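Results of the structural survey
So the chains spell out like this:
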Amino acid sequence: MIEAPPPAVAPVQKTSATRRKLMIAVRGLTKAIEAQKILRGVDLDVATGETLVIIGRSGGGKSVLLKHLVGLMQPDDGEIWIEGENILGLSERKLADIRRKVGILFQSGALFDSMTVEENIAFPLHEAGERDTEAIRKRVDEMLEVVELEGQHDKMPVNLSGGMKKRVGLARSIVRRPSVVLYDEPTAGLDPVVSDSINRLIRRLQERFHVTSVVVTHDMKSAFHIADHIAYLHEGQIYFYGTSVELQQSTDPLLQDFLLGRSECGV
Ligand SMILES: Nc1ncnc2c1ncn2[C@@H]1O[C@H](COP(=O)(O)OP(=O)(O)OP(=O)(O)O)[C@@H](O)[C@H]1O
Ligand SMILES: [Mg+2]
């Protein structure tokens, strides 16, 4: 049932359509929640090793879209292909494999408040059945180094700053070495210096571990800094897809309004 290859051509890409090895292909994704149509036919490609940034109005369905990519939400219709495998309709066991491949940094950070930094980061390893405490400790150390929080093992989340929490959340989402990391607003609420360090971290993961990244953000400075491609989600569909330069050069009024922060009613 899941063995059919993904569609060979991407009808969606309005610009930059080149043949690329796809890590993620989304086709015709629709989702309604309580009679509200959130996603209305999303088509989207993410090439292996690239960073795709998703932008769009608040409440437009960006977080909902990310949750579909890890099987945390089921669509009403459409297809989601991860490395050539359609993840819809997979058994829980097979979905667990997908979740190992795809890490997610939630918008809220979602650390366990009663656990130390070390326990938070080690949690996915325990959950996966890893019992070798030495190996777990080594991996946690490595992750703390990646996110530049060496020696912070024993801190409790309540004693961390917002930026540190984000970085611990990030360490937890990459501890099982996923090939894809989904970031939901990784720099929201952070000062420009901390935001910059998170952006450099996203870039470093791409370079060091060849991670494919999908980043949802409102922070256009970050978007332009990290994106290989940018997709603008509007009224449940990908309204624009292209490079940072293509977005900045676009004369489309809707995109210009969004980039300049103008509301539709012009006030
Ligand atoms: N679990 C849920 N139950 C009910 N409604 C939901 C649920 N999750 C999302 N929604 C609704 O779906 C819509 C899209 O929400 P989503 O969180 O994806 O927006 P978003 O684009 O991520 O917004 P923001 O930029 O503010 O984070 C909203 O109207 C939201 O209320
Ligand atoms: Mg959101």
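To keep things clear, this report deals only with the structure shown in the data block. Just so we're clear, the structure is a prediction, and the values are computed from it rather than from any experiment.

We now examine the pattern of salt bridges. According to the stated counting rule, one finds 10 salt bridges in the structure shown. A salt bridge links K101 to E83; the shortest N-O distance between them is 3.1 Å. Taken together, the residues span a long stretch of sequence, with K101 in helix α2 (residues 92–101) and E83 in the loop between β4 (77–82) and β5 (85–86) at a distance of 18 residues. Judged by relative accessible area, K101 falls into the buried class, the value being 19%. Given the relative accessible area of 41%, E83 is considered partly exposed. Note that E148 and R204 form a salt bridge whose closest N and O atoms lie 3.9 Å from each other. Of this pair, E148 sits in the loop between α4 (133–146) and α5 (162–174) while R204 sits in helix α6 (residues 192–209), and the two are 56 residues apart along the sequence. Among the charged side chains, a salt-bridge network with shared partners connects E118, R137 and D141.

Moving on to the packing of aromatic side chains. Summed over the entire model, instances satisfying the criterion amount to three aromatic pairs. Between F112 and F123, the aromatic rings sit 4.8 Å apart at their centres with planes inclined by 55 degrees, giving tilted as the arrangement. Placement of the pair is F112 in the loop between β6 (102–105) and α3 (117–127) and F123 in helix α3, with a sequence separation of 11 residues. Classification of F112 by relative accessible area gives partly exposed; the value is 32%. Put simply, the rings of Y232, Y239 and F258 touch in pairs and so form one group of aromatic residues.

Analysis parameters
- Starting afresh in each chain, residues are numbered from 1 along the sequence in its written order.
- Whichever chain is written first is A, and whichever ligand is written first is 1; the rest continue in order.
- Given that this is a predicted model, residues contribute local features only at a pLDDT of at least 70 and side-chain atom pairs are listed and counted only at 80 or more, while totals for whole chains, interfaces and linings are drawn from all residues.
- Neither water nor hydrogens contribute to the side-chain values; these are computed over all heavy atoms in the structure.
- Whenever a carboxyl oxygen of Asp or Glu lies within 4 Å of a side-chain nitrogen of Lys or Arg, that contact is scored as a salt bridge.
- In DSSP terms, a helix is any run of H or I states spanning at least four residues, a strand is any run of E spanning at least two, and both are numbered starting from the N terminus.
- Only protein chains enter the calculation, and the probe is 1.4 Å; a residue is then buried if its accessible area is under 20% of its type maximum, exposed if over 50%, and partly exposed in between.
- In summary, the pairing rule links any two rings of Phe, Tyr or Trp, Trp by its six-membered ring, whose centres are within 6.5 Å, and it sorts them by plane angle into stacked for under 30 degrees, edge-to-face for over 60 and tilted for everything else.

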